[in-house]
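Okay, here's what each chain looks like letter by letter:
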Amino acid sequence: MKRYFPFFVILVILSLTFIFPSVEYDKSVKSNFNTGDIAWMLMSTALVLIMTPGLAFFYGGMVNKKNVISTMLQSIVCMVIITVLWGIFGFSLAFGTSIGGVIGNPSTFFMMKGMLGNASWPAAPTIPLLLFAMYQLKFAIITPALITGAFAERIRFNSYIIFLVLFSIFIFSPLAHATWHPDGVLAKLGVLDFAGGTVVHMSAGWAALASALFLKRRNEANHSPARITYVMIGTGLLWFGWFGFNAGSAFGANHLAVTALATSTTASAAAGVTWIFFDMLRGRKPSAMGTCIGAVVGLVAITPAAGFVTVPHSLAIGIISAIVSNLVVEWRTRTSIDDTLDVFPCHGVGGMVGMLLTGVFANQAVNPANVTGDGLFFGHTHLFFIQLLALVATSLFSFFGSMLLLKITDMISPLRVSTEDEVLGLDISQHGERL
């Protein structure tokens, strides 16, 4: 039965494509489409997608050689699983008609209906709705992929697929709806999250911590990275793709996109160099791995703030996030928590630092769409406490929700591979392949 069920699901999806062709054409409003904005958002969509293969290289280079393929595939498979899910009802869960401000009605855009003609999203009126949906899809893809670094080298592939589907439905979609839908509870509170501090990085970071605790330690916890060159390639692809991630969140080829691009690259650079110098301060050699991790932490931290702060403050965000994450990585190594690739210290903590510092440095002169107010640095407290509230709520929801989903997944299909399979390596034991 276990062998037949996945293919049965595919046959159901095939049947749905005949029942729901989604050929409705929207002529209800006059088109306000801008070809320049469309061109930039097409490019941004492609840029964000390349981040997932970049993440595969980034994570794959850090694990043992016998687990490189399995670790990279855990990222790549998100591209196929989540895309299908998104096209059926995932986009509706995140951006459909609001149900209580916490989730979208799954029937709103079921099977991508209503995507033709002049349809657009209220916050992105100059691009087609379908382009907006495809852009947001790339965020849905990379979020569960980020978690994989926490349980690398010890999770069963089939069980992982079940978990990533559950995570996308019950953690990512509600957070995306609450934060980015105009009727979402966090959006109505005035929470600022330009490109995914809560929705992507904090949710993945807390899920990573829950996963590390649930799956417990590896049998071979100490290892040498298989390919540091892979990590460096992955860092380059992530940094490159992050321009679409952050600057694309302006939803147009405009001055806000320029600001987000500038703050993203400067924060990343500041965090990368800070990580090196902070390691040297503590008597360590400047390493390629440290440089890459620092640069990614800076990108994580600037994500919620990218379209709300200036370049000088993006440098501050990069520096502060690198120091905090570096210290948390050091703390994690002294505990029994086996977060294989330090997803929580880098993505979870980096996202939290970014959310709080958005509440410190945001200024309405950067982005008039910020109606919540200026940050703590400019003498205002309201925004900072709103960001703090969102941080606490997102953390609790993501951690305990993920822990529950892990337990449910484990009851359906055991999450942890056997000791023998772990020693053999997941490339062989799960996929029958090797480098």
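Located above this text is the structure these notes cover.
Residues numbered from 1 in each chain as written. Predicted model: local features only at pLDDT ≥ 70, side-chain atom pairs only at ≥ 80, totals over all residues. Heavy atoms only, no water.

Colleague: Help me out: how do you make sense of the overall build of the chain in this one?
Modeller: Each helix and strand counted, the chain has 15 helices and four strands in total. A compact globule built from 435 residues should have a C-alpha radius of gyration of about 22 Å, and the chain, at 21 Å, falls within 12% of that. In terms of overall dimensions, the chain has a C-alpha envelope of 60 × 60 × 35 Å along the principal axes. The contacts of the chain with a sequence gap of at least 6 include a subset with a gap of at least 24, amounting to 79%. Summed over all atoms, the accessible surface of the chain reaches about 17,300 Å², with 71% contributed by carbon and sulfur. For the chain, the distance from the average position of its 23 positive side-chain charges to the average position of its 19 negative side-chain charges is 3 Å. (Helix = DSSP H or I, 4+ residues; strand = E, 2+ residues; numbered from the N terminus. Rg over C-alpha atoms; globule rule 2.2 N^0.38 Å. Contact = heavy atoms within 4.5 Å. Areas by Shrake-Rupley, 256 points an atom, 1.4 Å probe, with all protein chains shown as cover. Lys, Arg positive; Asp, Glu negative; His and termini not counted. Charge placed at Lys NZ, Arg CZ, Asp CG, Glu CD.)

Colleague: Teacher, can you tell me more about the environment of Glu-24 here?
Modeller: Tracing the backbone shows Glu-24 in the loop between helix 1 (5-19) and strand 1 (25-26). Note on Glu-24: relative accessible area 42%, which makes it partly exposed. The spacing of Glu-24 and Leu-396 is 372 residues in sequence and 40 Å in space, taken between C-alpha atoms. In contact with Glu-24, not counting residues within four places along its chain, are Lys-113, Gly-114 and Leu-116. (Buried < 20%, exposed > 50% of the residue type's maximum accessible area, 1.4 Å probe, protein only.)

Colleague: Explanation requested: empty space enclosed by the protein in the structure shown.
Modeller: A water-sized probe, rolled over the atoms, reveals where empty space remains. Under the defined criterion, the tally for this structure stands at two cavities of 30 Å³ or more. When grouped by side-chain class, the residues that make up the lining of the largest cavity number no nonpolar, two polar and five charged. Considered as a void within the structure, the second largest cavity measures approximately 30 Å³ in volume. The wall of the second largest cavity is formed by Met-51, Ile-142, Leu-146, His-201, Leu-238, Trp-242, Phe-245 and His-347. (1 Å grid on protein atoms, 1.4 Å probe; cavity = no way out; pocket = protein on both sides within 12 Å on 5 of 7 lines; lining within 4 Å. Points joined across faces, edges and corners; volume = space filled by probe spheres on them. Nonpolar A, V, L, I, M, F, W, Y, C, P; charged D, E, K, R; others polar.)

Colleague: What is the right way to look at the packing of helix 7 (residues 197-215) against helix 13 (residues 382-412) in this model?
Modeller: How two helices sit against one another is set out by the angle between their axes and by the gap between those axes. Packing of helix 7 against helix 13 brings their axes to within 8 Å, and their N-to-C directions diverge by 45°. By the criterion of interaxial angle, the relationship of helix 7 to helix 13 is oblique. Where helix 7 crosses over helix 13, the handedness of that crossing is right-handed. The segment helix 7 lies against helix 13, with Thr-198, Met-202, Ser-203, Trp-206, Ala-207, Leu-209, Ala-210, Ser-211, Leu-213 and Phe-214 engaging Leu-391, Thr-394, Ser-395, Ser-398, Phe-399, Ser-402, Met-403, Leu-406, Lys-407 and Asp-410. Of the residues assigned to the contact of helix 7 with helix 13, the class counts are eleven nonpolar, seven polar and two charged. (Axes fitted to C-alpha atoms, helices over the stretch in contact; angles between N-to-C directions. Parallel < 35°, antiparallel > 145°, perpendicular 65-115°, else oblique. Left-handed = near helix turned anticlockwise from the far one by under 90°.)

Colleague: Could you clarify how one ought to interpret the pattern of salt bridges in this entry?
Modeller: Opposite charge on two side chains permits them to pair, given that their charged atoms come into close proximity. Inspection of the entire model under this criterion finds nine salt bridges. Among the salt bridges present, the one from Arg-154 reaches Asp-338, with a minimum N-O distance of 4.0 Å. With Arg-154 in the loop between helix 4 (129-147) and helix 5 (157-180) and Asp-338 in the loop between helix 11 (311-333) and helix 12 (343-361), this pair connects stretches of sequence that are 184 residues apart. The residues Arg-154 and Asp-338 share a single accessibility class, namely buried. Close ionic contact of Arg-282 with Asp-279 constitutes a salt bridge, the shortest N to O distance being 4.0 Å. (Salt bridge = Lys/Arg side-chain N within 4 Å of Asp/Glu carboxyl O.)

Colleague: I keep staring at the environment of Asn-219 and nothing clicks. Help me out?
Modeller: Tracing the backbone through its elements, the reader meets Asn-219 in the loop between helix 7 and helix 8 (228-247). A residue is classified by how much of its surface remains accessible, and Asn-219, at 44% relative accessible area, is partly exposed. Along the sequence, Asn-219 and Ile-142 sit 77 residues apart, while their C-alpha atoms lie 28 Å from each other. Non-local contacts of Asn-219, meaning those with residues more than four positions away in its chain, are made with Arg-416, Thr-419 and Glu-422.

Colleague: What is the right way to read helix 11 from this model?
Modeller: An α-helical segment advances 3.6 residues per turn. Residues three or four places apart therefore align on the same side. Here helix 11 spans 33 Å end to end across 23 residues, near enough to the 33 Å set by a 1.5 Å rise per residue. The inward-facing, buried residues of helix 11 abut helix 9 (255-281), helix 10 (288-302) and helix 12. (Expected span 1.5 Å × (residues − 1).)

Colleague: Would you take a moment to explain the nonpolar core for this structure?
Modeller: As a rule of thumb, nonpolar side chains are buried together in soluble globular proteins. Phe-58, Trp-86, Phe-91, Phe-132, Phe-172 and Phe-245 are the most contacted members of the largest nonpolar core, which has 130 residues in total. Not counting residues up to four positions away in its chain, the partners in contact with Phe-132 are Phe-91, Phe-95, Trp-121, Ala-124, Ile-127 and Phe-251. (Core = buried A, V, L, I, M, F, W, Y, C linked by side-chain atoms within 4.5 Å.)

Colleague: Please clarify how unusual backbone geometry should be interpreted in this entry.
Modeller: The bulk of non-glycine residues show a negative phi, and the bulk of peptide bonds are trans. Its identity as a non-glycine residue notwithstanding, Glu-153 has a phi of 80°, on the positive side. When you line up the elements, Glu-153 lands in the loop between helix 4 and helix 5. According to the relative accessible area criterion, Glu-153 is buried, its value standing at 3%. For Lys-216, which is not glycine, the phi dihedral falls at a positive 65°. When you line up the elements, Lys-216 lands in the loop between helix 7 and helix 8. Looking at Lys-216, the relative accessible area reads 56%, which means it is exposed.

Colleague: So what exactly am I meant to see when it comes to the layout of surface pockets here?
Modeller: In this structure, the largest pocket encloses a volume near 990 Å³. Along its surface, the largest pocket is lined by 23 residues, and Phe-5, Pro-6, Val-9, Ile-161 and Ile-162 are the ones closest to its centre. Elements supplying a minimum of two residues to the lining of the largest pocket: helix 1, helix 3 (68-95) and helix 5. Among the elements that take part in the lining of the largest pocket, helix 5 stands out by supplying seven residues, more than any other. Residue composition of the lining of the largest pocket, grouped by class: 18 nonpolar, three polar and two charged.

Remember that the coordinates give geometry; whether it matters functionally is a separate question.
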